[in-house]
Each structure stands twice: as C-alpha cells, then as structure tokens.
Amino acid sequence: AQSVAQPEDQVNVAEGNPLTVKCTYSVSGNPYLFWYVQYPNRGLQFLLKYITGDNLVKGSYGFEAEFNKSQTSFHLKKPSALVSDSALYFCAVRASGSSASKIIFGSGTRLSIRP
Amino acid sequence: DAGVTQSPTHLIKTRGQQVTLRCSPKSGHDTVSWYQQALGQGPQFIFQYYEEEERQRGNFPDRFSGHQFPNYSSELNVNALLLGDSALYLCASSGGAVNNSPLHFGNGTRLTVT
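Definitions and cut-offs
Residues numbered from 1 in each chain as written. Chains lettered and ligands numbered in written order. Predicted model: local features only at pLDDT ≥ 70, side-chain atom pairs only at ≥ 80, totals over all residues. Heavy atoms only, no water. Pairing = 2+ DSSP bridges. Helix = DSSP H or I, 4+ residues; strand = E, 2+ residues; numbered from the N terminus. Axes fitted to C-alpha atoms, helices over the stretch in contact; angles between N-to-C directions. Buried < 20%, exposed > 50% of the residue type's maximum accessible area, 1.4 Å probe, protein only. Disulfide = S-S within 2.5 Å.

(A) How the structure looks around the sheet that holds strand E3 (residues 19-24) of chain B. Residues and elements named next belong to chain B. An order of E1-E3-E8-E7 is seen for the four strands of this open sheet, with the pairing classed as antiparallel. The two strands at the open ends of the sheet, each matched to only one other strand, are strand E1 (5-7) and strand E7 (64-68). Taking the axes of each pair of neighbouring strands and ignoring which way they run, one obtains an average angle of 20° across the sheet. Across three bridges, E1 lies against E3 in antiparallel orientation. Paired with serine 7 across the strands is arginine 22, a residue of E3.

In structure tokens:
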C-alpha cells in the first residue's frame, strides 16, 4: 500500500531564509513523487514532480525538491522564502508501473513566512 | 485554455438527501479523479474514471458513486448524506495514458451537510 507522511503540521520561516518542508513515502516499486500547493478556498496547484533521473528536481516559483531513495524522502526546498509562499503544501506519491495507480496525498504542512 | 471546472462552488444539503457534483476536465485530459478534503486534512482519494469506467476506488462506501461521459466530464453522486460528508470535494484531471503526469485540480465544491 502507498502512504505519504508529512511530519510537520506547520513550518515557520523568516522571509529571505531558506525553507524545507519534509516528506517521506512508502510505495511498492519505484515512486512517482509530487508536490502541490493550496491557497485558501482553492484547489491544489502542481509545483514539481520526480519521475526518474536527477535527484534534484526544480519546479515552479523557485521551489525544488530532493529525492533520496535510501531515506525514502522527497523534501521540498527553497533557498530564499517569500511572504507570498505562505500556503498549505502537500506531498503526494503514485506507484509506477501501473496506469491505474492512484495518487495518494499527505496530510499537508502549513508554511508561514513572516516578514 | 480552460482548466478544470467544477460546479457548483458551494452547496448546502440536509442529512439523508442526495447530491450531484459536476466536473469538466482540462482540455486534452481523459482521466478524472475525485477527492474529498475534510477541513485541515489532505485530499482523500474517492475514485478515478477513465474511458467512462471506474478504474480505481478508494476506501469510500457505496453511497459514493460516479459517472464519466463521452466528453470526459464527470459527476460525483453522494446518497443518504451524513454530517461527516461535509468537506471540499475536488475534481482532478490528467492524461490517462501517461501515469506520471500530474493532476490538474479544480477549485472544488464546498459541501455542507446540516
């Protein structure tokens, strides 16, 4: 069975500082990994994905994520946080190898950037 | 190019009633997935439709059913509503032939059951 864990309910960072939002996963076989962001009363917006290849993936709005197979982690990072990055972030996983595989989401991490 | 559209945006129903939510996928997408997002939680997978058939289902009771039409749009039906069904219902579309493609979400339908 697939699962995703986001161990931090909330992450607080000062503007201009680097940020990290943690994610670990469990899936049979090779994973497809995703990060999404959600603003109040809106749907989820795709940020980036890892399919294969380079372990460092770059996405929208200056975000990047690092895939670590041995630690089964896919942490979201940004070198310099902006107040506008404040939102709810979700990590998600899908098992590769099956066209019918569903995407499973974590419980979310609320990112708060203070000016 | 229109993204995923959902209707209605808000809905208030009474326990025991039935509700139908609608979704039009992003242009070029043929797969529709439905998620339930309770307040303060992550989206929970309800089911996925492809080629007008339910391809996969999450851990939801049979009160939750769906349909996909030839134009790829989809409906989610919930019967015998319970207070616990109050949530944001999200529709997401993707290109079904490529299973590493990301989901594109609509803004959801906020269902309140009183």
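On we go from here.
(B) Main features of the pairing of strand E9 (residues 73-78) of chain A. All names here are of chain A. Most of E9 sits out of view: five of its six residues are buried. The sheet contact formed by strand E3 (residues 19-21) and E9 spans three bridges and is antiparallel. Of the residues in E9, the one forming a bridge with threonine 20 is lysine 77. Where strand E8 (residues 64-68) meets E9, five bridges bridge the pair, whose relative direction is antiparallel. Across the sheet, glutamate 64 pairs through a bridge with lysine 77, a residue of E9.

(C) Representation of the state of the cysteines within the structure. All names here are of chain A. Scanning the model with the defined rule gives two disulfides over all chains in all. A disulfide bridge connects cysteine 23 with cysteine 91, and the sulfur atoms are separated by 2.0 Å. Looking down the S-S bond of the cysteine 23 and cysteine 91 bridge, the torsion is -65°, so its handedness is left-handed. One end of the pair, cysteine 23, is in the loop between E3 and strand E4 (24-26); the other, cysteine 91, is in strand E10 (residues 87-95), and 68 residues separate them in sequence. By the burial criterion, cysteine 23 is buried, and cysteine 91 matches it.

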